[in-house]
Amino acid sequence: EEFLIRNQLGPAKWQENLPDPGSETEPEHESPDFESFRVQKLREEEEQDKELQSFLLHGASQTTSERRVKRSAAFGAAAHPLMLRREEQRAQLPVDCTLELEPLFPGHESMQLFTKPTCFLRFYSNINQLQKVHAGSPGHLQPTPVFAVAVSCPNGAKRAGREEWMRLRHELMPLLKQGPIIFLAQARQLLPRQLLSQPAATEYQATENVSVCVGRGPEAADDAVDAASDSGEENSAEVIQLAKEKVKETREADGEEVDFDDLDILDELEEAAAAIRKERREQRRRRRAAREAWIREAKIEAKRKEALEVSGAASVKPAASIHERPPWLWKQLATDAFKSGNYYQAQFYYTREAESYGLEPFTASIIHDKVNGKQEISDCNGQNIESQPSQLATALSNRSHCFARLGHFEASLADARRAAEIRPDWARAWSRVGAAAAAGSAEACDAWRRAVQIDPCSNHLEGLEEACRRAQKGAGKEQGNEALRARDWHGAIACFTEALAVIPARSQSTQDGYSLLRCILFSNRSGAFARAGRWNAAVLDAERALAEEQTYPKAYTRLGVALLGCRENEKAYVAFATALKAEERNQAASKGRQACLQLVPQWRSSAAALRRSRFLRDACRPARTSRIFLLSELRFGHASNEAWVHGIHATKFLDDVLILTGNVADSFRALERGLTALRPKFRRIFFTPGNNEMWITPLESQMFPDSLCKLWAILELCDRLGVEVAPAAVSEGVFVVPLFSWYNPEFDTEDPYPDTQFQHDKYAKWPMDANHQVWRYMLALNRNELKRPYHGTVLTFSHFVPRSSLPVSREYGGAKVSGCAELDDQIREARSSCHLYGRTFKNFSKEVEDVIYINCAHKSGGQDEPIPCVFNGERVCCDMVSV
């Protein structure tokens, strides 16, 4: 700037005669007025020293805007042509729009989702890019805050898990698009919570501009007191003293000595003090919230009155006063406040609701009088409220709950007593009385007992047990038995609960001296629950009884009755069979088992309903995309067969279906291992048990009382592994129907009598005649499944041979235990196109009376043995395919 001034070069002459900015045309000492310039320079240095002194004493006197104007003035550096050309060049550069996403968590940590298949989530954001690139940076756009979630599924990249991943992605992606924005704190910093544009309730439509946070008014003194408490709370001697008393009480209860000079106790003392401070802060927050609610209501009412005065009372219909609003509005507001944890505001709204039902506002009090042994409850005006509606009792009960949450147990008890007086047959009111009364008091025990007698739910039982445990008194087992004989089921439940409360609880998993007594009490209470029709509670108590003593037969009987009431017929059969195994002359268990045998073929259990829900899962799948393969007589327990199963290609048959016609393994554990190994290699697997699966080996005699119990366990195992045991559509117009079966000695037409010489299937234990009743029962299990609307290509399969004309082995009486001729009638009823069977090693494939019968047993031929394909996607066939 000095060079331009001395040479009289202004902005207009820069383009004509611009010197080199890197050098000067003449030295300073050659200037004609050098002396005057030196004096002026000394004067400027003195002014700069004065400005420096003034800056050190008073700070900067020149504003930022003035300094910016000086830099950009006519002679400023920013107006130089070189700087202007640089700005033009920068403006012509391409704008950088790159988005830099970096892992949000250190160490690139990922979150595992326990889905099927397993997925992993990784979280990214551009927070670091926001810090690097500020607004107006040349060549860069201001980045928008972005939060990203990456979903990875290693198994989904493989062909084996591609179908499951595609199905999971359609269900998971919409949830992930909304979930992280709600759950993660980092996302809440980027996307603020949106507010409603109008009030939720129409009653507040005219006062929507009233703020929740009010200014300093008469309540400012209370706020000042709270603020002063917050500031001086940390060093309060009162808090330290209360903490010492709390620590001392805890140590003395544990039988330990208290020495506050010990350094080890300082941490415990600090934790107690911190808890007390936190509780006090919460109390102050609740008080402030209540004051804000009251002030807000006053402001709303004042605004309405002002609106009425402006518009005129004659032309405008007066709005309902704050006490004349409908009760449902107060109840909804109270429910919302209670759910949000604002109990002060909730009790305020419940009070308004109670006033809407006729309760005197802010003047109600409790007066207890003993008149002829009866306790009456009246309001302050002496008016009896027994005629009040049940809605008032509900409002008082809810307000009692709010008071209990706030720690005002006296007010809570008063409201609960009044609610119980209005509705003496309401269990909720008595539970409120029990919760508000002193722990262990006689009033608490009586209230909880009354609640259990009306409604023996789990919450009431826990309350009664806790009250009696604190009081260390209660009814005994004999009183419960008398109530059972008197058919007072709820009273018996209450008595057995009190008896359980006074018994010491088992602290370890091992049994103690009270295990049998606890088992008997739980069992008796389970029977009382069953008589009262509360089947789920009966099941829970019976299971608790068996956890105490597993050899008590009556507990198994009670469990069977409860499961029978829940329509879990298969599980009930197991319970009754176990009871009969422990006590053979148990008449109740015998009748229960017989009832289960009659009810199981109806398939009403929850597991059977779940199997039925999968019937049409693949009904719309194209038929040509799936093949059906057959495995018969696998015998997975042999080492060579197990190696063959593990050698099946992992992805070759993922779109295909496998049918297992029984005799997969002899033991339950081997069957579980075999199904587990086969399940991931095929899209769906259908299985029906064979005679070997019904064997109960000596090692399994403790697990299964009889073969039917093992059959129900096998069905439960298949449900857990995803193996089908019920009919289902595998593709469009193609159905697979498993059929339960057992052999009939009359299948041998030459000698239609049971074989007494050879003991076939001697390890199978049945609760019925093995030669004449088992096969009839197995066919009865199939009757409900034959009523389904089968059409197109229907493939049925069973373990035993359905026709006597099919080849079977007749050596050693083999024909008598090979098949059942009555099974063929069910095959025809199901409109079968092809029937697959096992049991025999004689391969066969032939059409007989419009049905193709196929048998191709596994021969243990080594790793190269192929697997037969019975449906190639278009028609029934019998082709061998390499595994």
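The sections below set out a description of the structure shown in this document.

### Things to note about helix H28 (residues 707-721)
The terminal C-alpha atoms of H28 lie 21 Å apart, and with 15 residues this matches the ideal 21 Å at 1.5 Å per residue to within 8%. Burial analysis of H28 places eleven of its 15 residues in the buried class, the great majority of the element. Looking at H28, one finds that the buried residues are Ser707, Leu708, Cys709, Lys710, Leu711, Trp712, Ala713, Ile714, Leu715, Leu717 and Cys718. Next to the buried residues of H28 lie helix H23 (569-582), helix H24 (587-599), helix H25 (606-613), helix H27 (668-678), strand S9 (684-687) and helix H29 (774-780). Two or three places before Leu708, at the opening of H28, Asp706 has a side-chain oxygen 3.2 Å from that residue's backbone nitrogen. Remark: Gly722 follows H28 within two positions and exhibits a positive phi of approximately 85 degrees.

### Observations regarding the sheet that holds strand S15 (residues 851-855)
Taken in spatial order, the six strands line up as S10-S11-S12-S13-S15-S14 in an open sheet, and their pairing is mixed. Sheet topology places strand S10 (728-731) and strand S14 (844-848) at the edges, where each strand pairs with a single neighbour. Across the sheet, the axes of successive neighbouring strands diverge by a mean angle of 25 degrees, strand direction being ignored. Relative to strand S12 (residues 793-797), strand S11 (residues 734-738) is paired through five bridges, and the arrangement is parallel.

### Here we look at the sheet that holds S9
Read from one edge of the open sheet, five strands run S9-S8-S7-S16-S17, paired in mixed fashion. This sheet does not close on itself; its edge strands, each paired only once, are S9 and strand S17 (876-881). Between one strand axis and the next, the sheet turns by 25 degrees as a mean value, whatever way the strands run. Inspection of the sheet shows strand S8 (residues 657-660) paired to S9 by four bridges, in the parallel sense. When the sheet's bridge partners are listed, Val657 is paired in S9 with Arg684.

### Digging into the side chain of Glu693
Within the secondary structure, Glu693 sits in the loop between S9 and H28. Although Glu693 lies buried, it forms no salt bridge, and the closest oppositely charged side chain, Lys710, sits 7.8 Å away as judged by the N-O distance. Within the structure, Glu693 has its side chain in polar contact with the backbone nitrogen of Val664 (distance 2.6 Å). Each residue touching Glu693, except ones within four places of it in the same chain, is listed here: Gly662, Asn663, Val664, Ala665, Leu671, Phe687, Lys710 and Ile714.

### Overview of a negative patch on the surface
On the surface, Glu44, Glu45, Glu46, Glu47, Asp49 and Glu51 cluster together into a patch of negative charge. Mapped onto the fold, Glu45 is located in helix H2 (residues 34-58).

### Overview of the pairing of S14
The two faces of a sheet get side chains in turn, since along a regular strand they alternate between them. Strand direction decides the pairing type here: S14 and S15, joined by five bridges, are antiparallel. Looking across to S15, one finds that Phe844 is bridged to Asn855. Counting the residues that bridge the hairpin from S14 to S15 gives two residues, and of these Glu849 lies at a positive phi of roughly 55 degrees.

### Observations regarding helix H19 (residues 489-501)
Helical geometry note: an α-helix holds 3.6 residues per turn, so side chains three or four residues apart project in the same direction. Given a rise of 1.5 Å per residue, 13 residues ought to cover 18 Å, and the 19 Å separating the end C-alpha atoms of H19 matches this to within 8%. Most of H19 is tucked away, with twelve of its 13 residues classed as buried. Against the buried residues of H19 lie helix H16 (442-454), helix H17 (458-471), helix H18 (477-485) and helix H20 (515-531).

### Focus: the pattern of salt bridges
The final tally for this structure, using the stated rule, is 39 salt bridges. Between Arg417 and Glu443 there is a salt bridge whose closest N-O contact spans 2.9 Å. You can see Arg417 sitting in helix H14 (residues 409-422) and its partner Glu443 sitting in helix H16, a full 26 residues away along the chain. Residue classification places Glu443 among the partly exposed positions, given a relative accessible area of 31%. We note a salt bridge from Asp824 to Arg803, for which the minimum N-O separation is 3.0 Å. Taken as a pair, Asp824 in helix H30 (residues 823-829) and Arg803 in the loop between S12 and H30 lie far apart in primary sequence, 21 residues in all. We note that Asp824, like Arg803, is buried.

### Thoughts on the packing of helix H12 (residues 343-356) against helix H13 (residues 390-406)
Running from N to C, H12 and H13 cross one another at 160 degrees; their axes reach a closest spacing of 9 Å. If you check the angle between H12 and H13, you find them roughly antiparallel. For H12 against H13, the interelement crossing comes out left-handed. Contact residues: H12 offers Tyr343, Tyr344, Ala346, Gln347, Tyr350, Thr351, Glu353 and Ala354, while H13 offers Leu392, Ala395, Asn398, Arg399, Cys402, Phe403, Arg405 and Leu406. Classifying every residue of the contact of H12 with H13 gives ten nonpolar, three polar and three charged.

### A few points about the packing of aromatic side chains
On inspection of all chains with the given rule, the structure shows 17 aromatic pairs. Here the aromatic rings of Trp603 and Trp712 are separated by 6.3 Å at their centres, their planes lie at 90 degrees, and the arrangement is edge-to-face. Pair noted here: Trp603 is in the loop between H24 and H25 and Trp712 is in helix H28, with a separation of 109 residues, a long-range link. Across this residue pair, the class does not change: Trp603 and Trp712 are buried. Geometrically, the ring pair formed by Tyr743 and Phe800 is edge-to-face, given 5.8 Å between the ring centres and 65 degrees between the ring planes. With a gap of 57 residues between them, Tyr743 in the loop between S11 and H29 and Phe800 in the loop between S12 and H30 connect regions that are remote in the sequence. The same class applies to Tyr743 as to Phe800, namely buried. Grouped by ring-pair contacts, the aromatic residues Tyr573, Trp603, Trp712 and Phe740 constitute a single cluster. A cation sits over an aromatic face here: Arg423 above Trp426, 4.4 Å from the ring centre. Here the basic side chain of Arg788 rests over the ring of Phe615, its NZ or CZ set 4.5 Å away from the ring centre.

Basis of the calculations
Residues numbered from 1 in each chain as written. Predicted model: local features only at pLDDT ≥ 70, side-chain atom pairs only at ≥ 80, totals over all residues. Heavy atoms only, no water. Helix = DSSP H or I, 4+ residues; strand = E, 2+ residues; numbered from the N terminus. Expected span 1.5 Å × (residues − 1). Buried < 20%, exposed > 50% of the residue type's maximum accessible area, 1.4 Å probe, protein only. Contact = heavy atoms within 4.5 Å. Polar contact = N/O pair within 3.5 Å; in protein donor to acceptor, adjacent residues only side chain to side chain. Pairing = 2+ DSSP bridges. Axes fitted to C-alpha atoms, helices over the stretch in contact; angles between N-to-C directions. Lys, Arg positive; Asp, Glu negative; His and termini not counted. Salt bridge = Lys/Arg side-chain N within 4 Å of Asp/Glu carboxyl O. Patch = residues over 30% accessible without salt bridge, like charges linked within 9 Å, V, L, I, M, F, W, Y side chains within 5 Å. Areas by Shrake-Rupley, 256 points an atom, 1.4 Å probe, with all protein chains shown as cover. Charge placed at Lys NZ, Arg CZ, Asp CG, Glu CD. Parallel < 35°, antiparallel > 145°, perpendicular 65-115°, else oblique. Left-handed = near helix turned anticlockwise from the far one by under 90°. Nonpolar A, V, L, I, M, F, W, Y, C, P; charged D, E, K, R; others polar. Phe/Tyr/Trp six-rings, centres within 6.5 Å; stacked < 30°, edge-to-face > 60°. Lys NZ or Arg CZ within 6 Å of the ring centre and 35° of its normal.

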